Every structure is written in structure tokens, then in C-alpha cells.
Amino acid sequence: MQRLRTYRLRLVLLLSVCLLHLLPAARGQQMGWQSAAGFGSDDQQRGYQDAYAKTISDAAGNRYMLGNCPAFMSFGSVGVAPTGSLAGFLMKLDAQDVPQWVVTINGATGLNGGWFSDVCLGPDGRLYVTGGYTPGSSLDGGATVLPDQGSFLAIYTPLGQLVQTEVLSHSAGTGVAAATCVAVLDSTTCIITGAVYATATFGGWPITLPRNNTAAQPFVARYSLQTHTTTWLTIASVSRSSGSPFVLTDGRYCYVSGTYYGTGTLFGTSLPPGPNHYNGGAYAACLDSAGNVVWMQRYWEGVGVNAIPPWQTKPTLIGDALSVIAVTDPSVQFSSPGQPLPTLGSGFNPYWLRFDTQTGALRRVVPLTATVAPNVFGGVGVGVRYASPPRLLPDGLYWGGGYAGTVDFGPVVGSRTLPAGSPGDAFVAKFDTSGVCQWLVTAASTSGAMFSPSVVSDLDVTAAGAVRVAGLFNGPTSFGSTTLIPGGFLDFFVGTVARVNGLPDEDAAREEGMALFPNPAHDVVRLQLARPAESAESVSILDGVGRVVRCVVVPRGSREFSLDVAELPAGIYVVRCGATARRLVVK
């Protein structure tokens, strides 16, 4: 027995020594740019610019990046050479972001060419790509020319081999239904969304516009890869052109989100009448396997000429909640049914919306940032200007985009300010499950070109917690210690945000400045400062949306005191004293 106790004691001492050696390295790490690489073309000479930057990752850590370019673009050992004025590309990069292969759609010389719109990874490991094309375009280097002009679905293996091409809609005139987003139900069935401007067919399904005008009508369709036909299609009937919906599927239901303009019906659901046809709104909906609407939630509605619906992201699904990030336009105030939304400043501001997947009920609306001050344009285009589709994991929300002006990212991270006239910087951020931003990583652009900010347009999160992003950058842009120089107006970039050695550890600094115990707390929490307060200090407790719910003053010379949290609802809070902040969990 004595020997066993001695052995246990030695083991504890050994582990303690090991932890002491590991601790400085861990505390010297912070989220930052681990790597970044740029790819671009001389798009200033072609009248078009590089566009889109979507990325998905497979289980092996490879990533697939989709985009469109108007001129020759080099990806190291591989390149894209458009014969027309635009070419879509799909590129595979390994876990170190080294390009492996690239495939393209190209058009005839002098014509617009072809483009890719969306990509998703199927359960069979293949890549499903939607897009459109003009006459003379080809997906296989010219061996097969696509008919007329139209839209398509292309399927590639992980090695970049084109194994199936589905021409969804084509016409020598204007009767083409665009294919925008795709989600895979199984190896034989896809859900595809798009928009149509005129009478057309989509996978053999005849589409007759329900209104006698040229307004674009969004639709959702189920397409069979076995019969090469559309098995059902549901379409809107609105008085003004409306965009294609985003789509997501869990294998049983499909979930769509989008915006509409005007009055009429939305996939069989009547829209409320308004005083004029300028009404706009945003929605999320669930459709069953037969295309029937299970539920629809119109969560923003506006009336008037300036009633511009919010720009929103592709939905993401975890558990029984559907999440969407919607960025509001500053020209109009919106409200969700039964939940008036706070005004977050004069610029563009994002909200995190969570819907119940069973009923469509809007469970929660969480403001993610607030525009503090506009730039030289007085608020237009200021704030969070673009947003990537979120990735929602059990530990929180990962999200990116671009911002300008002065934006408040919450009590832990604080505000970020860009110079007046700056086009905007790209950012990646993580928010906890209550919506409090935990860390923020930015890419600083020095471009003077307004309205073309650097932006993270898509991201994935690896099992190790690294965030792999894709986006567009304008002008010399710094990704940590790496500065990328564009070859044209806008260029593509890929990068990885992870824990990087040698950066100041903000979490460790906060821990050294202030301690809370117990944490989680139920009735009372003790606050201990690293050193006695040199003057009277104000200590605030902020809730998940940044509102001050408690405020006390620490007398000069005090180092430790108690905070009463018994009346606070259970949740996650932030305790702030000067520049020091700590998270507090109240049970």
C-alpha cells in the first residue's frame, strides 16, 4: 500500500512538471492567420472582375474552392485560361492549401462564357456543381459543346473527373431557368433552387410565369439523376424580381431561405397586401419530400420604396435549430413577428436568427455587432457589409465577412475602427452559443477603391478547431505576417485561422488581471483583481446582447469583493472592469 501511494505521488508530481512546461506555450497562443495565399487575374482589362469564393472541405482535410474569373489565373502548377470573357473554376487544395487540380467551364471566344454558382459535397464523396453558360460553352475542354444557352448540374469525382452532366434548362432565346444553389438528398436526387424570367422548362418540367411581367420568380425543384427529370417544382408569384433561395437538406426535408419583393404568393403561401408593390421581406421555409410547404416564417417585412430586405446567408442546421445570419439595410427598420429588433446604429448590422425545425418558430434573434460610427459616406455601406454562411458547432458560431467604419463586436472583443474612406477589411470571428464574440481575426486592406472591400465569403471548421476560409481581397492586404498583392481589381485568397505561437494571449491577460470564483455561480460570485484598484473602478455585468444588467463601484485600494447574481437569469455573461473582461456562467 505504501509503495502504491509513493507511486501515485510521483506520478502526480511528474504530471505537474509536464503541465508547467506546457502551460507557457499554451498561454502564448492566440487565434491568428496561420497561412494565406492569393490567386488572381488581370480582371481590370476585361470588363469583369473575379467573383464568388466558395469552399467546402472533406473528411481528409482537402478543400474544394469554387469561383469565376475573366482572365488568365495561375494557381501555382495549374491555371485557368478563359477563352470568353468569363470562366468558372473548381479547384482542389490539399490540407496545406497546395493546389492539386482545377476544372473549368469555358465559353466561345468573345462571348460571355460559363460560370459556376454553387458546389456541395455529396454523401458519395462526389462534387455537385451548378452554373450557367452562353452559346459555345463546354465543361470538358471543348469535346462536348453545351446546347444553346442555359443552366446545368455537373458531377465530379474527388480526382476532378467529370462523370455526369445534366443540362437542366436551355433555349436559343430568353427562356432559361437559372440553377443557383444545390443540395444533395442522396446519390440519385438533388434539390436545386434558381430563378426564371420567362416561360421555360427545367429538367423537362414546364414553367409558365404566373404573372404577365418580366419579374424574376424564385423556385425550388427536386431533380432525379436516374430519370434526368424534375420530379416536382414549386415557384413563387411575386410582383417584383426576387432572388434565388439558398437551400439545405437533412436527407428528409429541405430548408430554404431568401428574400422577396412585391406582393403575391411565395411557394403557395399568400404574402400580406401592402400599400404598393415595393414591399419587401425575408423568409425561411421547410419543404417535405413532395415539395409541400411544412412551414414558412417571414421574419422581416418592410413597406415603402426603400424597403430593402436584409441580405442573408445560406442556412445551417444543428440539432433541432436552423440558423441564418441576416444583415440589415440601414435605410429601413424591420421587425420580426412578435419580436421588435433593437436599432444597432446607422450602418449594416447582422443578426443571428434561430428557427425551430419542427414548427418554424423564431426562437431567438441575437444582434452580433453594432455600427458605432459611419465613415465618409455617412453610413451607406458601413458596418458589416458582407457575411459568409455560418458554421454552427456545439461550442459556438463561426462566421466571417467584411466591415467598414467603426463596428462594436461586443464586450469581450470591443470595437474596431477603420479610417474614413476605407473600403473595408475582411474578418473571421467566433461567437459563443449566447452570441458573444469570443475572438476576432482581421485582414487589413490598404486599397483606396471604395465599395470593393476585402471579404471572407465562405469558411469551414476543421476537427482541430482551425478555420479555413476563402474570399476576395482588394489592394495590398495583410494576413498577419503575410501580405498579398492582387494582380487585378479583386483577387481570390484562401487562408487558415488557427492558434499561432508568439502572439499576445488576450485570454491569459484577462485571467491575470481578474479572477471570478466560483464560476459557474448561483447566488454570489467573488471578484479578485490582480492588484488593488488605484482609483474607484466601475465593474459591469453584461448579458448576451451587450446590455449592462449590473453595475457596482470598487472602492480605491480594494482587491476583492462580492457580486450578487441571484436574481440574474441563468446564462452566459461578461464581467468587465476597465479593459479587463471575463466570462461568467450563472446557473
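Numbering of residues starts from 1 in every chain and runs along the sequence as written. Residue-level local features of this predicted model are given only where pLDDT is at least 70; pairs of side-chain atoms are given and counted only at 80 or more, and the full residue set underlies all totals for whole chains, interfaces and linings. Based on all heavy atoms of the structure, the side-chain values leave hydrogens and waters out of the count.

Caption draft 1: Highlighting empty space enclosed by the protein. A cavity here means a set of 1 Å grid points, computed over protein atoms only, where a 1.4 Å probe fits but cannot escape. A pocket is an open set with protein on both sides within 12 Å along at least 5 of 7 lines, and lining residues have an atom within 4 Å of a point. Grid points are joined across faces, edges and corners, and a volume is the space filled by probe spheres set on the points. Tallying each qualifying case throughout the model produces two cavities of 30 Å³ or more. We call Asp, Glu, Lys and Arg charged. Ala, Val, Leu, Ile, Met, Phe, Trp, Tyr, Cys and Pro are nonpolar, and the rest, Gly among them, are polar. Counted by class, the lining of the second largest cavity contains six nonpolar, one polar and three charged residues.

Caption draft 2: Summary view of the nonpolar core. To define a nonpolar core, start from buried Ala, Val, Leu, Ile, Met, Phe, Trp, Tyr and Cys residues and group those joined through side-chain atoms within 4.5 Å. Remark: exposure states derive from per-residue accessible area (1.4 Å probe, protein chains only) relative to the maximum for the residue type, with buried under 20%, exposed over 50%, and partly exposed in between. In terms of nonpolar packing, the biggest core is built from 21 residues, with Tyr128, Leu153, Cys190, Ile192 and Phe202 touching the most fellow members. Secondary structure elements with two or more residues in this core: β10 (149–156), β12 (177–186), β13 (189–196), β14 (200–202) and β16 (217–224). Any two residues having at least one pair of non-hydrogen atoms within 4.5 Å are treated as being in contact. Not counting the four nearest positions on each side in its chain, Cys190 is found in contact with Tyr128, Leu153, Val182, Ala183, Val184, Leu185, Ala221, Arg222, Tyr223 and Leu225. The secondary structure listing takes helices from DSSP runs of H or I that are at least 4 residues long and strands from runs of E that are at least 2 residues long, numbered from the N terminus.

Caption draft 3: Quick peek at the state of the cysteines. Cysteine sulfur pairs qualify as disulfides if the two atoms are within 2.5 Å. Tallied over the full model, the rule gives zero disulfides. Cys254 provides the cysteine sulfur closest to Cys286, a residue in no disulfide bond, and the two sulfurs are 7.0 Å apart.

Caption draft 4: The packing of aromatic side chains, seen in detail. Between 30 and 60 degrees the pair is tilted, below 30 it is stacked and above 60 it is edge-to-face, where a pair is any two Phe, Tyr or Trp rings, Trp via its six-membered ring, whose centres lie within 6.5 Å. A complete count under the given rule lists 17 aromatic pairs for this structure. Seen in terms of ring centroids, Phe267 and Tyr283 are 6.1 Å apart; in terms of plane orientation they differ by 75 degrees. Their pairing is edge-to-face. Here Tyr283 lies in strand β22 (residues 280–287) and Phe267 lies in the loop between β20 (254–266) and β21 (269–270), a separation of 16 residues in the sequence. For Phe267, a relative accessible area of 5% puts it in the buried group. Tyr283 sits in the buried class, given a relative accessible area of 0%.

Caption draft 5: How the structure looks around the side chain of Thr234. Tracing the sequence through the fold places Thr234 in strand β17 (residues 229–235). Assessed through its relative accessible area of 14%, Thr234 is described here as buried.

Caption draft 6: Expanded view of the sheet that holds strand β44 (residues 514–517). Taken in spatial order, the three strands of this open sheet run β44-β45-β48, and their pairing is antiparallel. Unpaired on one side and paired on the other, β44 and β48 (560–564) mark the two borders of the sheet. Across this sheet, the average inter-strand angle for adjacent strands is 25 degrees, counted without regard to direction. Where β44 and strand β45 (residues 524–529) come together, four bridges link them in antiparallel fashion. Paired with Met514 across the bridge in β45 is Leu529. At least two DSSP bridges between two strands are needed for those strands to be called paired. Axis lines are fitted to C-alpha atoms, over the contacting stretch for helices. Their N-to-C directions set the angle, which ranges from 0 to 180 degrees.

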